[in-house]
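Per-entry structural report
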Amino acid sequence: MLRVLVQVNHLGLGGTQINAVDLAAASTEYGFESVVVGPEDTVPAVGPSLLDVAAARGVKLESYDRGSLGVRGATTVQGAWTLSRLASRHSADIVHAYSTGFNKAAYWGPCLLGRRPLVITVYEMEVDPAVQERASLIVGTKYLSEEQATRPGATELISPPVDLDRDNPDLVSGTAFRAVHNVTSAQTAVVMVSRLDEEMKALGVDVAMQAVDAMSDPAVVLIVVGTGTAGERLNRQAAAINARQGRQAVIMAGPTSDPRAAYSAADIVIGMGGSAARGLAFGKPLVVAGEMGQFRTFGPENAAALFRNSFWSNVPSADARGELLACLRPLLDSAHLRGELGRFGRDFAAENFGLRAMARKLSGVYGSAVSTNGPLVWLRDFPSQASAPIRWFGPRGTGPLPLPQRPFLDNKAMACVTPGTERDS
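Residues numbered from 1 in each chain as written. Predicted model: local features only at pLDDT ≥ 70, side-chain atom pairs only at ≥ 80, totals over all residues. Heavy atoms only, no water.

Some points on the sheet that holds strand β12 (residues 286–289)
Strand order in the open sheet formed by six strands is β10-β9-β8-β11-β12-β13, with mixed pairing between adjacent strands. For this open sheet the edge positions go to β10 (250–254) and β13 (295–297), each flanked by a neighbour on one side alone. Each adjacent strand pair in this sheet contributes to an overall mean axis angle of 20 degrees, direction not counted. Where strand β11 (residues 268–271) and β12 come together, three bridges link them in parallel fashion. What sits directly across from Val269, in β12, is Leu286. (Pairing = 2+ DSSP bridges. Helix = DSSP H or I, 4+ residues; strand = E, 2+ residues; numbered from the N terminus. Axes fitted to C-alpha atoms, helices over the stretch in contact; angles between N-to-C directions.)

A closer look at helix α10 (residues 273–281)
Since the α-helix packs 3.6 residues into each turn, any two residues three or four apart lie on the same face. Judged by how many residues are buried, α10 sits mostly within the fold: eight of nine residues are covered. Those residues of α10 not exposed but buried are Gly273, Ser275, Ala276, Ala277, Arg278, Gly279, Leu280 and Ala281. Buried-residue contacts for α10 involve β8 (188–193), α9 (260–265), β11, β12 and α13 (335–352). Of the residues one or two after α10, Gly283 is the one with positive phi, at around 70 degrees. (Buried < 20%, exposed > 50% of the residue type's maximum accessible area, 1.4 Å probe, protein only. Contact = heavy atoms within 4.5 Å.)

Structural notes on the environment of Val35
As for its placement among the helices and strands, Val35 is situated in strand β2 (residues 32–39). With sequence-adjacent residues up to four places away left out, Val35 is seen in contact with Val4, Leu5, Val6, Lys60 and His90.

A word on the side chain of Arg260
For Arg260, the location among the structural elements is in helix α9. Excluding residues that lie within four positions of it along the chain, Arg260 makes contacts with Arg166, Asp167, Val172, Arg278 and Phe282.

A look at the sheet that holds strand β1 (residues 2–7)
An order of β3-β2-β1-β4-β5-β6-β7 is seen for the seven strands of this open sheet, with the pairing classed as parallel. A single partner strand is all that each edge strand has here, and the edge strands are β3 (60–64) and β7 (155–157). Shown here is a sheet whose adjacent strand axes are inclined to one another by a mean of 25 degrees, direction ignored. Pairing geometry for β1 and strand β4 (residues 94–98), over four bridges, is parallel. Counterpart to Leu5 in the pairing with β4 is Val95.

Given below as structure tokens:
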């Protein structure tokens, strides 16, 4: 069995990290034993973490000390030394870096001169131009796989996976979850499972709160599961809405390492990325949330376009609350429509991003990386890597490159419509 050193940049709860653990667990079926490693200073001081997820999946996880340089301050030299030490101790045959934070350290460390093949997963919305061109690259969105089709190294589309066996509405009940939060069977629960971070996530939660406040319908409850940098602000906002409504219109449920009961308890899910995918796996009608306020109801007429963008958009909305209300009202008014879209979503999930299928594709990437690796592959990337800005002794530079705008749909915008009706222009 070949051994894989899987590097993640953060040991808090987040989609990419959980995807890494899930794929590590599932790839054992195909002959790969993984150990996940990440910086110990990113373990949350309070509450659940990736350690809990790894323990539940039976995946070995080890944290390492980056000294006093902080979460984003490690240098390339330090990173290379740390990953080399870990790869040697665990007798790793392959190094797999999730996101592009440590791929350079892996290149100069455990993969130096082709000692081990380097596999890089980019579940962000853009591929950094500094990524090694000959390394095996995994992307999570179809548009990125199309953009990277001409690179010299292999590129594989592996969608952020969903474990359809675990995330199964027939096996996980949401009844107790609803009871704990005093949500009755007569109420419609709109659920968001998300990091509550100002970057990317907070705006969608904020708009959802505004929409529920504007509806002022005692039969509708918004439940938010998660924590993050925007948590305190969003908790205050929820409290203000509840005081104004005179009821628990917005329930801040806090973080959990196992949100399956929350998804099962939902009548409607609002989410982006991996959270949107898990909502579909649970057979729930889904409203996809863009990070800048776009909202779309997932259905047969737009499924391919929303999936192509991995349930994400960074295009601003002129009326985010209005868009969300237009998506929610038909779903709130029709249990039949909710059931119809929920069944379609579950079938779509099974076909497009089931964990077993994605783990099988990952095993193919690993096998190909091992068979094609060698000093010449490494040396072909040497000129670009040696000339690129390298953090040999200094901290990480400025922030990420600006992203091009990614609308939910390539051509014309589409309003949230009931299947079978005409699109708005």
